[in-house]
Amino acid sequence: MQTVAKASRADQTRALSLSTIAFTACFAVWTIFSIIGVAIKGELSLNDTQFGLLVATPILTGSLTRIFLGVWTEKYGGRLVFSAQMILAALATWALTFADTYIMYLVAALGVGLAGGSFIIGVAYVSRWYDAGRQGTALGIFGAGNIGAAVTKFVAPFVMVAYGWQGVANVWAAALALMGVVFFIFAKDDPALVERRRTGAKAPGFAQQFAPLKNLQVWRFSLYYFFVFGAFVALALWLPNYLIDVYGVDVRTAGMAAASFSLSASLFRAYGGHLSDKFGARSVMYWTFGFAMLFLFMLSYPPTDYVIQGKDGLIAFSTSMGLWPFVATLFALGFFMSLGKAAVFKHIPVYYPNNVGAVGGLVGMIGGLGGFVLPIAFGALLDLTGIYTSCFALLFVLVAIALAWMHLSIRAMERKAHGEALDRLPQLPEMQAIHNPDRTAMPRVLEDWTPEDAAFWADKGRAVARRNLWLSIPALLLAFSVWMVWSMVVAKLPLIGFTFTPEQLFWLAALPALSGATLRIFYGFMVPIFGGRLWTTLSTASLLLPAVGIGYAVQNPETPYFIFLVLALLCGLGGANFASSMANIGYFFPKAEKGNALALNAGLGNLGVSVMQFLVPLVITVGVFGALGGAPQTVAETGASLWMQNAGFIWVPFILISTIAAWAGMNDIADAKASFAQQSVIFGRTHNWLMCVLYIGTFGSFIGYSAGFPLLSKIAFPDVNALQYVFLGPLVGALSRAGTGWVSDRFGGGRVTFWVFVGMIASVFGVILSLQAGSFAGFFAGFMALFFFTGVGNASTFQMIPVIMGREVPRLMPKLTGADRARQIAMESGGIVAFTSAIGAYGGFFIPKAYGSSIAMTGSPIGALWVFLIFYVLCLAITWVVYTRPGGLLHDIERGRARLGATAHPAE
């Protein structure tokens, strides 16, 4: 980072002035669709969603390219990169005039989006000319180039009226190309680049520049910018169309009214930089989020008619916001968003002075993606709800999340810095007399937890651990039930009047597996961050969203497909719970009992699939909840009545009970706390990825076969009513997992896993032979054996993980000893358990899809089964070569364990 001493005041002014003008020109081009898009919408007869995608497409390119442009600026200098970027964006803008179809407009719009990447180029370039004490002001002045959006709103409507939208594109392209040439001629290379060239020092490598991106703090800054900048861009694009539709004004009035928002959200950015230098960026962010919530609440309230029954009759009145109050409120909102944009980028050169390009690029990219995602969301919400102000309601929720995360993070940092001293302070001085600091202590936190201490375990530990286990199991069972209930619901939708296509039904069936598996990646890191008790409570309560949503959505055949897509994704919350549940329970038990505990938690939790497949067909045939549950649906073909809503509602009372029980009865372990950065060490562990492969073979097979077994049975043996037996497969797999954990504790998880894959290979081969022979009995027996072995393998692979890390952590981190080493082993073991569970869950999507692909290509599912068999051979080879052969990582441990019994842990 350069100081004033290394750059003259004249050079600083030159760099800042040219960069600000260039950024203004780029921003004017980047938001060009906010005006010309209205004309293109009319020409092509686009709906609101298509229009939202068109105006958002340039934002996508401008966002995604920021992270690379920032890195290139650090490496090659802003003068070269800025000039080249402007000329390329100008060419793409000029190419717009040659488009004649919607697809061609979208392609050209991707090129126009290069203009949006200019921001991070300027940030990396300008920040090198100023010291830390003046960077906030300098970057605020540069960021005021956002005013280019206002330039487009003010000027473009008049140009478009005179020369058409093509005239606007030609003029804006010419101006940007000229600015690119001027910048290259008159701008200077920044002092850091000049110094690097003089000394012959190498430019920082990509790995060095991207290193800070693993910090959660960077992603928090990105969320802030997603609102203050992303929402600004989204509203700048959306408002002209909004004003025309809601207030009936012409395009010139709409452009000028929208420009007032763009003006305030841009012009005051320089003032925001000054305030950040003077009062601190954190204070400015509090002002931004606080006032934004107030103004967005006002804007999100739709025009409403009220009728009140008064003593003298009906009293009718209505509320609505007129055009000019609307514009004034937007202007105020833009002012505080402008301050917030400056404050976010004040943080970056202070926290990451040597990585401004990469960190600023990521933050800018995420913020820019807000400008892409939000207009599409605005259009979809409008099409879905029919309420124009729904766009502001969405932003209100976004600000609330950002404010909560920021405040909780700041409080965590304060507590880390000051510890218990904060608990001794009352909120207000006059409360000193009644303040009781003990009330602020976190309840049910186990400060001293040493399960490997035999005396502690026998005296206290076992009882506490088992209580947490038996409260975790029903929560996980309900999670699996909700995750898989969607497959039953989707199968019945055509019977009760829903006219979705087979392709739409396939996606509805597949999305819970995809979202559940993906969310597991994040859920696995939540327990060390939030604590097992709190996270189990929250994750269990979240199951109410899909359960209640299903109950209401299936009652009306007019429910939009979009709602069902959202519900399918929300059902994935159930699948995600597994990762956090297993990570949490793993902290409570010693190595000698960890395998059995995890097997019980997972096995009885997996039982939720069978419980659901057994219970749902029963409850949908009767009105369990009476009038409260809603009217039944009529099956068109038979005239029978179905209460499909019960498939969702039946879980609600049990979810509520389990949520309360988790909060009242579970514990947090103080030593089981770790940040995401601390846990991310597992991604560098080779055994993490090897165990992912093995767990795909075990749990991936279990969940995939559970999802595909009913359909495969129906297709392969259409004359056999196999659907009444399909629940037996998941039942066998769940019970075998719950009942065989002790085997792995006794003989070693590696050995058991080896023989599991031998059994799975033989079972798949038997299923293939039975399909070829047309034998349902052999087919069914083969699958029951497969389900049995997957359950045993689920338990054995998870038993292997803490034993593996018990060997690897001392080798990789020899400086750790005693409690620190035990804590590191527990943290890494829990993280790997959670992450492997996430990767393994993708089997719920790929196995049924493999059946479908095999049938489509060959007319038979046998091809898919051969692929599975080959994969199991690969898993068998990994288990033998890496873990169980003589000289393998687990060979000596497991041989000693088998010889001495589960209570001995040689070499652990």
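What you see is a predicted model, and the numbers here were worked out from it, not measured in a lab.

### Some thoughts on the overall build of the protein chain
A count of helical and extended segments in the protein chain gives 37 helices and six strands. Looking at the 908 residues of the protein chain, the share that counts as buried comes to 56%. Residue pairs in contact within the protein chain that sit at least 24 positions apart in sequence constitute 83% of those at least 6 positions apart. A total accessible area of about 36200 Å² is found for the protein chain, and carbon and sulfur atoms account for 69% of it.

### Comments concerning the packing of helix H32 (residues 749-773) against helix H36 (residues 862-884)
As a packed pair, H32 and H36 sit with axes 9 Å apart at the nearest point and diverge in direction by 165°. In this view, H32 runs roughly antiparallel relative to H36, as classed from their interaxial angle. When you trace H32 past H36, the crossing you get is left-handed. The residue inventory of the contact of H32 with H36, partitioned by class, reads 19 nonpolar, five polar and one charged.

### Overview of the nonpolar core
With 135 residues, the main nonpolar core has Trp 486, Leu 493, Leu 508, Tyr 705 and Phe 783 as its most contacted residues. With near-sequence residues (within four places) excluded, Leu 493 lies in contact with Phe 498, Phe 500, Leu 505, Leu 508, Val 554 and Phe 564. If you look at the next biggest cluster of nonpolar residues, it comprises 126 residues, including Tyr 105, Ala 234, Ala 258 and Ala 281.

### Thoughts on helix H19 (residues 454-492)
Along its 39 residues, H19 runs 54 Å from first to last C-alpha, staying within 8% of the 57 Å computed at 1.5 Å per residue. Capping the start of H19 is the job of one residue whose side-chain oxygen sits 3.1 Å from the backbone nitrogen of Ala 455: Asp 453.

### Let's talk about the environment of Ser 580
Among the secondary structure elements, Ser 580 is positioned in helix H24 (residues 561-588). Take Ser 580: its relative accessible area is 3%, and that puts it in the buried class. In the structure, Ser 580 is positioned 41 residues away from Ser 539 in sequence and 8.8 Å away in space, judged by C-alpha atoms. A polar atom in the side chain of Ser 580 sits 3.1 Å from the backbone oxygen of Asn 577.

### Observations regarding the confidence of the model for the protein chain
Per-residue confidence for the protein chain averages 79 on the pLDDT scale, and 87% of its residues sit at or above 70. Highest mean pLDDT in the protein chain belongs to helix H27 (residues 652-665) (92); lowest belongs to helix H11 (residues 206-210) (53). In the model, residues 1-5 has pLDDT below 50 throughout and makes 17 contacts with residues more than four positions away in sequence or in other chains. Note that pLDDT drops below 50 for residues 437-442; the model gives that stretch four contacts with residues more than four away or on any other chain.

### As for the pattern of salt bridges
Summed over all chains, the structure comprises four salt bridges. With its nearest N and O atoms 3.3 Å apart, the salt bridge here joins Arg 462 to Glu 593. Here Arg 462 is found in helix H19, whereas its partner Glu 593 is found in helix H25 (residues 591-619), with 131 residues between them in sequence. Exposure remark for Arg 462: the relative accessible area of 27% places this residue in the partly exposed category. Between Arg 811 and Glu 808 there is a salt bridge whose closest N-O contact spans 2.7 Å. Separated by three residues within a single helix, Arg 811 and Glu 808 lie in helix H33 (residues 776-812), roughly one turn from each other. For Arg 811, a relative accessible area of 54% corresponds to the exposed category. Glu 808 gets classed as buried once you look at its relative accessible area, which sits at 7%.

### As for the packing of aromatic side chains
Counted according to the given criterion, the structure contains 48 aromatic pairs. Aromatic ring contacts, followed pair by pair, group Phe 702, Tyr 705, Phe 776, Phe 779, Phe 780, Phe 783, Phe 787 and Phe 868 into a single cluster. The side chain of Arg 79 reaches across the aromatic face of Phe 184, ending 4.2 Å from its centre. Above the plane of the ring of Phe 232 lies Lys 341, whose end atom (NZ or CZ) is 3.6 Å from the centre.

### Description of the pairing of strand E1 (residues 304-310)
Alignment of E1 against strand E2 (residues 313-319), held across seven bridges, turns out to be antiparallel. If you follow Asp 305 over to E2, its bridge partner there is Ser 318.

### Structural notes on the side chain of Asn 577
Among the structural elements, Asn 577 can be located in helix H24. Among the residues examined, Asn 577 registers a relative accessible area of 4% and is labelled buried. If we skip the residues at most four places from it in the chain, Asn 577 touches Leu 476, Ala 479, Tyr 523, Ser 539, Thr 540 and Leu 543.

### Section: helix H15 (residues 281-300)
Taking 1.5 Å of rise per residue, the 20 residues of H15 would be expected to cover 28 Å, and the 28 Å separating its terminal C-alpha atoms lies within 8% of that figure. Those residues of H15 that sit buried are Ala 281, Val 284, Met 285, Thr 288, Phe 289, Ala 292, Phe 295, Leu 296, Leu 299 and Ser 300. The buried residues of H15 all sit within an arc of 145° when viewed along its axis, so they share a single face.

### Details of the packing of helix H5 (residues 78-95) against helix H6 (residues 102-112)
Running from amino to carboxyl end, H5 crosses H6 at an angle of 160°, the nearest separation of the two axes being 7 Å. Judged on the interaxial angle alone, H6 and H5 are roughly antiparallel. Crossing hand, H5 versus H6: left-handed. Across the interface between the two elements, Ala 89, Ala 92 and Thr 93 from H5 touch Ala 108, Gly 111 and Val 112 from H6. Classifying every residue of the contact of H5 with H6 gives four nonpolar, two polar and no charged.

What counts, and at which threshold
Residues numbered from 1 in each chain as written. Predicted model: local features only at pLDDT ≥ 70, side-chain atom pairs only at ≥ 80, totals over all residues. Heavy atoms only, no water. Helix = DSSP H or I, 4+ residues; strand = E, 2+ residues; numbered from the N terminus. Buried < 20%, exposed > 50% of the residue type's maximum accessible area, 1.4 Å probe, protein only. Contact = heavy atoms within 4.5 Å. Areas by Shrake-Rupley, 256 points an atom, 1.4 Å probe, with all protein chains shown as cover. Axes fitted to C-alpha atoms, helices over the stretch in contact; angles between N-to-C directions. Parallel < 35°, antiparallel > 145°, perpendicular 65-115°, else oblique. Left-handed = near helix turned anticlockwise from the far one by under 90°. Nonpolar A, V, L, I, M, F, W, Y, C, P; charged D, E, K, R; others polar. Core = buried A, V, L, I, M, F, W, Y, C linked by side-chain atoms within 4.5 Å. Expected span 1.5 Å × (residues − 1). Polar contact = N/O pair within 3.5 Å; in protein donor to acceptor, adjacent residues only side chain to side chain. pLDDT = per-residue confidence, 0-100. Salt bridge = Lys/Arg side-chain N within 4 Å of Asp/Glu carboxyl O. Phe/Tyr/Trp six-rings, centres within 6.5 Å; stacked < 30°, edge-to-face > 60°. Lys NZ or Arg CZ within 6 Å of the ring centre and 35° of its normal. Pairing = 2+ DSSP bridges. Arc of directions from axis to C-beta.

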